Amino acid sequence: MLRKEYDHIILLAHGSPDPMWKKPFESLYDRAISRFGAERSSLAYMELTEPSLEDVVQHLDKRVKKVAVLPLFFAVGRHLRYDVPAQIESLKRDDLEIELLSPIGEDDIVKQAMDQVIAHHLGQNN
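These lines cover the structure that appears in this document, whether it is placed above or below.

Basis of the calculations
- Residues numbered from 1 in each chain as written.
- Predicted model: local features only at pLDDT ≥ 70, side-chain atom pairs only at ≥ 80, totals over all residues.
- Heavy atoms only, no water.
- Helix = DSSP H or I, 4+ residues; strand = E, 2+ residues; numbered from the N terminus.
- Buried < 20%, exposed > 50% of the residue type's maximum accessible area, 1.4 Å probe, protein only.
- Lys, Arg positive; Asp, Glu negative; His and termini not counted.
- Charge placed at Lys NZ, Arg CZ, Asp CG, Glu CD.
- Expected span 1.5 Å × (residues − 1).
- Bend = angle between axes of the 7 residues up to and from the residue.
- Contact = heavy atoms within 4.5 Å.
- Core = buried A, V, L, I, M, F, W, Y, C linked by side-chain atoms within 4.5 Å.
- Salt bridge = Lys/Arg side-chain N within 4 Å of Asp/Glu carboxyl O.
- Pairing = 2+ DSSP bridges.
- Axes fitted to C-alpha atoms, helices over the stretch in contact; angles between N-to-C directions.

**Quick look at the overall build of the protein chain**
Scanning the protein chain for helices and strands turns up 4 helices and 4 strands. Beginning at the N terminus, the succession of helices and strands in the protein chain can be written as β-α-β-α-β-α-β-α. In terms of overall dimensions, the protein chain has C-alpha extents of about 55 × 35 × 30 Å along its principal axes. Here the protein chain holds 126 residues, and the buried ones make up 35% of them. In the protein chain, 16 side chains carry a positive charge and 21 a negative one; their mean positions are 3 Å apart.

**As for helix H3 (residues 78-91)**
If you check H3, its first and last C-alpha atoms are 19 Å apart, about what 14 residues at 1.5 Å a residue would give, namely 20 Å. If you look at H3, its biggest bend is around 30°, right at Val 84, and the proline Pro 85 turns up within four residues after that. Here H3 has its buried residues at His 79, Leu 80, Val 84, Gln 87, Ile 88 and Leu 91. On the buried face of H3, the contacting elements are strand S1 (8-13), helix H2 (53-58), strand S3 (66-71) and strand S4 (97-100).

**A look at the nonpolar core**
With 18 residues, the main nonpolar core has Ile 10, Leu 53, Val 57 and Ile 98 as its most contacted residues. Looking at this core, the elements with two or more residues in it are S1, H2, S3 and H3. Broken down by element, the residue count for this core peaks at 4 residues, all from H3. When sequence neighbours within four positions are dropped, the list of residues in contact with Ile 98 reads Val 57, Val 67, Val 69, Ile 88, Leu 91 and Lys 92. Grouped together as the second largest cluster of nonpolar side chains are 9 residues, Phe 25, Tyr 29, Leu 43 and Tyr 45 included.

**Details of the pattern of salt bridges**
On inspection of all chains with the given rule, the structure shows 5 salt bridges. With a closest N to O distance of 2.9 Å, Arg 78 and Asp 83 form a salt bridge. Judged by its relative accessible area of 27%, Asp 83 falls in the partly exposed class. With a shortest N-O distance of 2.9 Å, Asp 95 and Arg 93 are connected by a salt bridge. Owing to a relative accessible area of 35%, Arg 93 belongs among the partly exposed residues under this scheme.

**Some thoughts on the sheet that holds strand S2 (residues 41-45)**
To summarise the sheet geometry, strands pair through backbone hydrogen bonds and adopt either a parallel or an antiparallel arrangement. Judged by pairing direction, the sheet is parallel, and its 4 strands sit side by side in the order S2-S1-S3-S4 without closing on themselves. Either end of the sheet is taken by a strand with one partner, and the two such strands are S2 and S4. When strand polarity is set aside, the average angle formed by the axes of neighbouring strands in this sheet is 25°. As paired elements, S1 and S2 share 5 bridges and run parallel to each other. If you follow Ile 9 over to S2, its bridge partner there is Ser 41. This element, helix H1 (residues 23-36), spans S1 and S2 of the sheet and lies at about 165° to S2.

Treat this as a map of the structure, not an account of what it does.
Pasting the structure below:
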């Protein structure tokens, strides 16, 4: 797979009115900030939770020209086929490229990690 470089990555979670639901995403984001810096990463929610994708894009530093949106979803469903691409299309500007990446659940590294968790719970050490 060809690696692409971006000025900024937006981690995009679905959203929920339950504040406890946000904890794992906030934890992931905190780790991203500590590794890459707040100027290189953001956390946004598609719906039901703030900040929205629109809010995050609106507050990006003007020096940011190329953004990746990484859905923290397991698979492509209606939201990633229709809703999120429409959101992104409405946010694009002449001076800002926004690319929607495949959902994190489709990444081979994540699939391997899930396989390891399943094997662990079955008492197998691979």
